[in-house]
Structures are given as C-alpha cells and as structure tokens.
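Now for the letters of each chain:
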Amino acid sequence: MYTLSYVLYGIGALFTICFITFLILFIKKKGNNKINLIIFIASIALAVGCFGYGAYHQYDIQQTIATADDEFTDNAISFAELYKKTADKTTKVGDYVKEAWQADIADAMDNDEDFDATKTVTHALAENADDIVSAQMNLKKLKKYLKEMNDYDTGTYDYEAYKKAYDKLEKLVSFVNDPKGTYDHYTETYSADKSAVANAYKDIEPE
C-alpha cells in the first residue's frame, strides 16, 4: 500500500547522499566546480521532491483509509441496529406461529378432531403479515448496508461477521415465513435458527 512512498524515500536518500558528496567536492574544489554545483543543486531539488511526494502519497493513503473506515463504521452501526429490530420482529412472528400451532394441536386433541397444520400456520402468518413484509424489506436494506461495508472494507473490521450474521437472519426470516414439516420439526429448526441469529448479533453488536 505504501510501496510507492517507500520507493520515493529510497530514491530521495540516494539523492541526499549524492548532493552531500558533490557538496564536499565543491567545497574542496575537486573536479569541475561548475558541474559539481549543478549536480549538487539538482540533487537537493530531486531529494526534496522525492521526500515531499512520498510523504504526500503516504498521507493521502492514510486519509483514504480513514475515510473508508468511517464509512464502514457508519454502515456497520446502521446494519447492527436494523439487524436487531428485524430479528426481534421475526422472532415475535416465529413465537406466535409456535404458540398458535401448539394451542391448535391441544384443542384438536381435547375435542377429538383432526388437526389441520396448514390452516393453523396460514392463519398465524396472516395475523402477522405486516411484520413479515417489514422483515423482508429490512433484509433488502441490510443487504445494501452489507454492500457498502464490502466496498469500504480495509481489513480493519470483521466484514465476514456481518456477512455471516446476514445469512443467518435471512435463513430465519425465510423459515418463519414458510414453515414446513411437523410441529416438532418447526420448533427444533426455529429454535436453532433463532439462537444462531442471537449469537451472530453478539459478534456485531455496537460497543
């Protein structure tokens, strides 16, 4: 990253040695004084130019990195805040589906009736349609934040932690929105996905 600066510093050092050498020759009046003076002056100018541009190049890179880090941090904070809201909203729906499913199974057993899981789940999801749509829209926003973080990733922060967190939340939202299998399968899978999202949030939670 700083290769050009280091190269310029090296060249500047060589020109510094050069102008010192020809300064000594000029003072001791060895060789052609006019040529010694010209080379001495040229060496000073080139050395200053190399050191100056090398320092500017290094400063410019540092400013670019600082700006990128600020952009990453801003997007990371927004990501984490929306992530928590979306996770809470999704688990609220997931818990509702679980409780409704469990209650309808119990009612069917008490009344010796056939249990229709599809009807129960469809109704539970319909009751929470707004939250489901909101969670899906939030996933799109989170993906945009993720893209911005990837664009400004300088390696200072753990981008992969945010990517993994997004993948886990997307999986949870997808499963809650379209539960499949038996009640036991739902509770087991939902519990695992819910825990995975909670643990992923710990890795990205703002300090």
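Now for a look at the structure at hand.

Analysis parameters
- What you see as residue numbers is a count from 1 along each chain, following the sequence as written.
- Side-chain atom pairs in this predicted model are given and counted only at pLDDT of 80 or more, local residue features only at pLDDT of at least 70, and totals for whole chains, interfaces and linings cover all residues.
- Excluded from the side-chain calculation are hydrogens and water; included are all heavy atoms of the structure.
- For the purposes of this entry, the term helix denotes a DSSP run of H or I that reaches at least four residues, the term strand denotes a run of E that reaches at least two, and both are numbered from the N terminus.
- Where accessible areas are quoted, they stem from the Shrake-Rupley method and a 1.4 Å probe; at the residue level, only the protein chains shown are allowed to cover.
- Throughout this description, the term salt bridge denotes a Lys or Arg side-chain nitrogen within 4 Å of a carboxyl oxygen of Asp or Glu.
- For each structure, a 1 Å grid was placed over the protein atoms alone; sets of points admitting a 1.4 Å probe that cannot get out are labelled cavities, open sets with protein on both sides within 12 Å along at least five of seven lines are labelled pockets, and lining residues have an atom within 4 Å of a point.
- Grid points are joined across faces, edges and corners, and a volume is the space filled by probe spheres set on the points.
- Just so you know the grouping, Ala, Val, Leu, Ile, Met, Phe, Trp, Tyr, Cys and Pro go in nonpolar, Asp, Glu, Lys and Arg go in charged, and all remaining residues, Gly too, go in polar.
- Helices are assigned an expected span. That span is 1.5 Å times one less than the residue count.
- Here's how the labels work: a residue is buried when its accessible area is under 20% of the maximum for its type, exposed when over 50%, partly exposed in between, all with a 1.4 Å probe on protein chains only.
- The arc in question is the one traced by the directions running from the helix axis out to the C-beta atoms.

**Describing the overall build of the protein**
Here comes step 1: Across its full length, the protein carries six helices and zero strands.
Here comes step 2: Accessible surface for the protein amounts to roughly 12,900 Å². Of this, 56% is attributable to carbon and sulfur atoms.

**Examining the pattern of salt bridges**
Oppositely charged side chains can form a pair if their charged atoms are brought close together.
Here comes step 1: Evaluated as defined, the whole model comprises seven salt bridges.
Here comes step 2: Between Lys92 and Asp131 there is a salt bridge whose closest N-O contact spans 3.7 Å. One end of the pair, Lys92, is in helix α2 (residues 33–110); the other, Asp131, is in helix α4 (residues 129–151), with 39 residues separating them in the sequence.
Here comes step 3: With a shortest N-O distance of 3.0 Å, Lys163 and Asp167 are connected by a salt bridge. Of this pair, Lys163 and Asp167 both sit in helix α5 (residues 159–177), four residues apart, which is roughly one turn of the helix.

**Focus: the layout of surface pockets**
Here comes step 1: One number sums up the size of the largest pocket: a volume of about 230 Å³.
Here comes step 2: As for the largest pocket, its lining consists of 13 residues, of which Ala76, Tyr157, Tyr162, Ile204 and Pro206 are closest to the centre.
Here comes step 3: At the level of secondary structure, the elements contributing two or more residues to the lining of the largest pocket comprise α2, α5 and α6 (183–204).
Here comes step 4: Counting residues per element, the lining of the largest pocket draws most heavily on α2, which supplies four residues.
Here comes step 5: In the lining of the largest pocket, the residues fall into eight nonpolar, one polar and four charged.
Here comes step 6: As a volume, the second largest pocket reaches approximately 200 Å³.
Here comes step 7: The wall of the second largest pocket is formed by 13 residues, among which Asp104, Phe115, Asp116, Lys119 and Thr120 lie closest to the centre.

**Details of α6**
Here comes step 1: Taking 1.5 Å of rise per residue, 22 residues should cover 32 Å, and α6 covers 32 Å from first to last C-alpha, within 8% of that figure.
Here comes step 2: Regarding α6, the residues found buried are Tyr183, Tyr186, Thr187, Tyr190, Asp193, Val197, Ala200, Tyr201 and Ile204. Buried residues of α6 fall within an arc of 165 degrees about the axis and therefore sit on the same side. Facing away from the buried side of α6 by more than 90 degrees, the exposed set consists of Asp184, Glu188, Lys202 and Asp203.

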